[in-house]
Amino acid sequence: MSAEEIRKVAEIILDANFLIALTGAGISAESGIPTFRGKNGLWNKYRPEELATPQAFKRDPIKVWEWYRWRIGLVLKAKPNPGHIALAELEKLGFLKALITQNVDDLHERAGSRRVIKLHGNILEARCINCEYKTKFSEPPREIPPKCPVCSSLLRPNVVWFNEPLPEEALREALSLTYRADAILVVGTSGVVMPAGAIPFTVKERGGVVIEINISESAITPIVDIFLRGPAGKLLPAIIEELRKKY
Ligand code: OAD
């Protein structure tokens, strides 16, 4: 990252009419939550088809819940890092209109971001597989697998698994924001999971500017206008600092 690149990004943000952000696991990596791909990625150690599909849950709900219980514990212990805080600040300052995240943690919300669209659900919630019951965890579930207090069926994590559609409302809102955006900040995502990974391409096709922050190149890098290489927790605060000098 150079000071010149940070200045350019600040200019784009100041010029944009409708800036949105798309985040992925990389933004929470500096809070101690593992990413999915890459050297220490979860999908290097675990098989998604055994832990993150409706079929896996049907076969072995205890195994699936054990993995989610561990991840719920990690999220509850984690704290928002300077990257999350800078994105919340960008919204408070009026520059960022909304944030679309693939993350199932609540670190954007805890950092103070208000308009957060969660495309892949919320790991701190569980829902009944049979009725409308939904609950929120303030500590990891003790009894595995947790059962519905209303109908005694199994509860499942309120997240999107492979082979499942995205939550309708979140998807609708994400699409409408994508069509309005004239600039997008893409932070810490490999960009390989659809439809989230297609969002920056749509913004670009419609004439918008794409800025990417990542420690390495992603599936989105070939179309970006500016690529800032480095940790989100360092680069996003640097952008805020630059913006503060300019207005
Ligand atoms: P990935 O694990 O695929 O990608 C994480 C990205 O973050 C990589 O491109 C890293 O280079 C980058 N990265 C790591 N640390 C970073 C840092 N400190 N600063 C900036 N970038 C950093 O995670 P996602 O793209 O979020 O889906 O994965 C998308 C979806 O795949 C997830 O939501 C999940 C997974 O399967 C479901 O579970 C449905």
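Residues numbered from 1 in each chain as written. Predicted model: local features only at pLDDT ≥ 70, side-chain atom pairs only at ≥ 80, totals over all residues. Heavy atoms only, no water.

Colleague: Give a detailed account of the site of the ligand, specifying residues and quantitative values.
Modeller: Surveying the vicinity of the ligand reveals 23 residues, the closest of which are Phe 36, Arg 37, Thr 189, Ser 190 and Asn 214. One of the backbone N or O atoms of Gly 26 is found 3.5 Å from an oxygen atom in the ligand. One nitrogen or oxygen atom from the side chain of Ser 190 is found 2.6 Å from an oxygen atom belonging to the ligand. Protein burial of the ligand: of its 800 Å² of free accessible surface, 91% is covered by the chains. Its residues assigned to classes, the shell around the ligand comprises 10 nonpolar, 11 polar and 2 charged. When we break the shell around the ligand down by domain, the ones giving at least three residues each are domain 1 (1–33 + 80–120 + 166–247) and domain 2 (34–77 + 122–159). (Near = heavy atom within 4 Å. Polar contact = N/O pair within 3.5 Å; in protein donor to acceptor, adjacent residues only side chain to side chain. Areas by Shrake-Rupley, 256 points an atom, 1.4 Å probe, with all protein chains shown as cover. Nonpolar A, V, L, I, M, F, W, Y, C, P; charged D, E, K, R; others polar. Domains from an automatic or database assignment.)

Colleague: A description of the side chain of Glu 242 should follow, citing residues and the corresponding values.
Modeller: Mapping Glu 242 onto the fold places it in helix H11 (residues 232–246). For Glu 242, a relative accessible area of 9% gives the class buried. (Helix = DSSP H or I, 4+ residues; strand = E, 2+ residues; numbered from the N terminus. Buried < 20%, exposed > 50% of the residue type's maximum accessible area, 1.4 Å probe, protein only.)

Colleague: Please provide a residue-by-residue account of the state of the cysteines, values included.
Modeller: In this structure the tally under the stated criterion is 0 disulfides. We note that Cys 128 lacks a disulfide partner, and the nearest cysteine sulfur, in Cys 151, lies 3.5 Å from it. Accessibility expressed as a relative area gives 6% for Cys 128, which makes it buried. (Disulfide = S-S within 2.5 Å.)

Colleague: Got a sec to walk through the environment of Gly 26? Specific residues and values, please.
Modeller: Within the secondary structure, Gly 26 sits in helix H2 (residues 26–29). Separated by 19 residues in the primary sequence, Gly 26 and Arg 7 have C-alpha atoms spaced 23 Å apart. Among residues more than four places away in sequence, those in contact with Gly 26 are Thr 35 and Gly 188. (Contact = heavy atoms within 4.5 Å.)

Colleague: Mind laying out the sheet that holds strand E5 (residues 134–136), listing which residues take part and the relevant values?
Modeller: Sheet strands pair via backbone hydrogen bonds, and the direction of the pair is either parallel or antiparallel. If you walk across this open sheet you meet the 3 strands as E5-E4-E6, and the pairing is antiparallel. Two strands close off the open sheet at either side, each with one partner strand: E5 and strand E6 (155–159). Strand-to-strand twist of the sheet, defined as the mean angle between neighbouring strand axes without regard to direction, takes the value 35 degrees. On top of the sheet, helix H6 (residues 61–77) reaches strand E4 (121–128) and E6; it is set at about 135 degrees to E4, its chief contact. (Pairing = 2+ DSSP bridges. Axes fitted to C-alpha atoms, helices over the stretch in contact; angles between N-to-C directions.)

Colleague: Tell me what's going on with unusual backbone geometry, and back it up with residues and numbers.
Modeller: In this structure, Pro 145 follows Ile 144 across a cis peptide bond, with omega equal to -5 degrees. Relative to the elements of secondary structure, Pro 145 occurs in the loop between E5 and E6. A positive phi is found at Ser 152, a non-glycine position, where the angle reads about 70 degrees. Within the secondary structure layout, Ser 152 lies in the loop between E5 and E6.

Colleague: Requested: an account of the packing of helix H1 (residues 3–15) against H11, with residues and values cited.
Modeller: The N-to-C vectors of H1 and H11 enclose an angle of 65 degrees; their axes lie 9 Å apart at closest approach. Considered as vectors, H1 and H11 are oriented roughly perpendicular to each other. Note on packing geometry: the crossing formed by H1 with H11 is right-handed. Packed against H1, whose contacting residues are Ile 6, Arg 7, Val 9, Ala 10, Glu 11, Ile 13 and Leu 14, the element H11 presents Leu 235, Ala 238, Ile 239, Glu 242, Leu 243 and Lys 246 at the interface. Of the residues contributing to the contact of H1 with H11, the split by class is 9 nonpolar, no polar and 4 charged. (Parallel < 35°, antiparallel > 145°, perpendicular 65-115°, else oblique. Left-handed = near helix turned anticlockwise from the far one by under 90°.)

Colleague: Quick one: what's the story with the pattern of salt bridges, residue by residue and with numbers?
Modeller: Taken as a whole and judged by the stated rule, the model has 16 salt bridges. Three or more residues joined by partner-sharing salt bridges are found here, namely Arg 47, Glu 49, Glu 50 and Lys 63. (Salt bridge = Lys/Arg side-chain N within 4 Å of Asp/Glu carboxyl O.)

Colleague: Can you break down the domain arrangement of the chain residue by residue, with the values?
Modeller: Its domain assignment divides the chain into domain 1 (1–33 + 80–120 + 166–247) and domain 2 (34–77 + 122–159). On a C-alpha basis, the centres of domain 1 and domain 2 stand 27 Å from each other. At the junction of the two partners, domain 1 supplies 14 residues and domain 2 supplies 11 residues. A buried area of about 1,000 Å², summed over both sides, lies between domain 1 and domain 2, and 64% of it is on carbon and sulfur atoms. Summed over the three residues of domain 1 that lose the most area to domain 2, namely Ala 25, Ile 33 and Val 104, the buried surface amounts to 45% of that side. (Buried area = accessible area lost by both parts, 1.4 Å probe.)

Colleague: Which residues make up the packing of helix H7 (residues 82–92) against H11, and what values go with them?
Modeller: Packing of H7 against H11 brings their axes to within 7 Å, and their N-to-C directions diverge by 30 degrees. Judged on the interaxial angle alone, H11 and H7 are roughly parallel. Classified by chirality, the crossing of H11 by H7 is left-handed. Between H7 and H11, the contacting residues are Pro 82, Gly 83, Ala 86, Leu 87, Glu 89 and Leu 90 on the first element and Ala 232, Gly 233, Leu 236, Pro 237, Ile 240, Leu 243 and Arg 244 on the second. Split into classes, the residues belonging to the contact of H7 with H11 amount to 9 nonpolar, 2 polar and 2 charged.

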